[in-house]
Amino acid sequence: MELLFARNELNEKPKKVQLDKIKDELKKDGQRIFYFDRDNSHKDMMALVDALEADGYNVYFREVKYGLADDEYMYEVHAL
């Protein structure tokens, strides 16, 4: 599964990341907060949550609004 990390600037392209890389980061740190771009589908985000929960992590997922427009949001995934 390939996901997109949140952009740092509005005009730059989001960076791609594989699910295995996310799991490796969690194995090193034990807990982590990831921010993902709005271009990810909600279905892919739920698949990420399910995959992490299947590995035994507690996962908190939400949409973070950073502006007033409908398309000004990102996804936050906190895995413990």
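Data block above holds the structure.
A brief look at the structure comes next. (Residues numbered from 1 in each chain as written. Predicted model: local features only at pLDDT ≥ 70, side-chain atom pairs only at ≥ 80, totals over all residues. Heavy atoms only, no water.)

## Quick word on the nonpolar core
Working step 1: Residues Ile22, Phe36, Leu48 and Leu52 are the most contacted members of the largest nonpolar core, which totals 18 residues.
Working step 2: Among the elements of the structure, α1 (19-29), β3 (32-36), α2 (42-54) and β5 (73-79) are those that each provide at least two residues to this core.
Working step 3: The contacts of Ile22, once residues within four sequence positions are left out, are Leu3, Val17, Phe34, Phe36 and Leu48. (Core = buried A, V, L, I, M, F, W, Y, C linked by side-chain atoms within 4.5 Å. Buried < 20%, exposed > 50% of the residue type's maximum accessible area, 1.4 Å probe, protein only. Helix = DSSP H or I, 4+ residues; strand = E, 2+ residues; numbered from the N terminus. Contact = heavy atoms within 4.5 Å.)

## Focus: the side chain of Glu25
Working step 1: Tracing the backbone shows Glu25 in helix α1.
Working step 2: Within the structure, the side chain of Glu25 is placed 2.4 Å from the side chain of Arg32, a separation counted as a polar contact.
Working step 3: When sequence neighbours within four positions are dropped, the list of residues in contact with Glu25 reads Arg32 and Phe34. (Polar contact = N/O pair within 3.5 Å; in protein donor to acceptor, adjacent residues only side chain to side chain.)

## Looking at the pattern of salt bridges
Working step 1: Per the stated rule, a full pass over the model turns up nine salt bridges.
Working step 2: Here Lys28 makes a salt bridge to Glu25, at a shortest N to O gap of 3.5 Å. Of this pair, Lys28 and Glu25 both sit in helix α1, three residues apart, which is roughly one turn of that helix.
Working step 3: Ionic pairing is found between Asp29 and Arg32, a salt bridge with its closest N-O pair at 3.4 Å.
Working step 4: A relative accessible area of 45% places Asp29 in the partly exposed class.
Working step 5: On the accessibility criterion, Arg32 (30% relative accessible area) is partly exposed.
Working step 6: Through salt bridges that share partners, Lys21, Glu25, Lys28, Asp29 and Arg32 make up one connected network. (Salt bridge = Lys/Arg side-chain N within 4 Å of Asp/Glu carboxyl O.)

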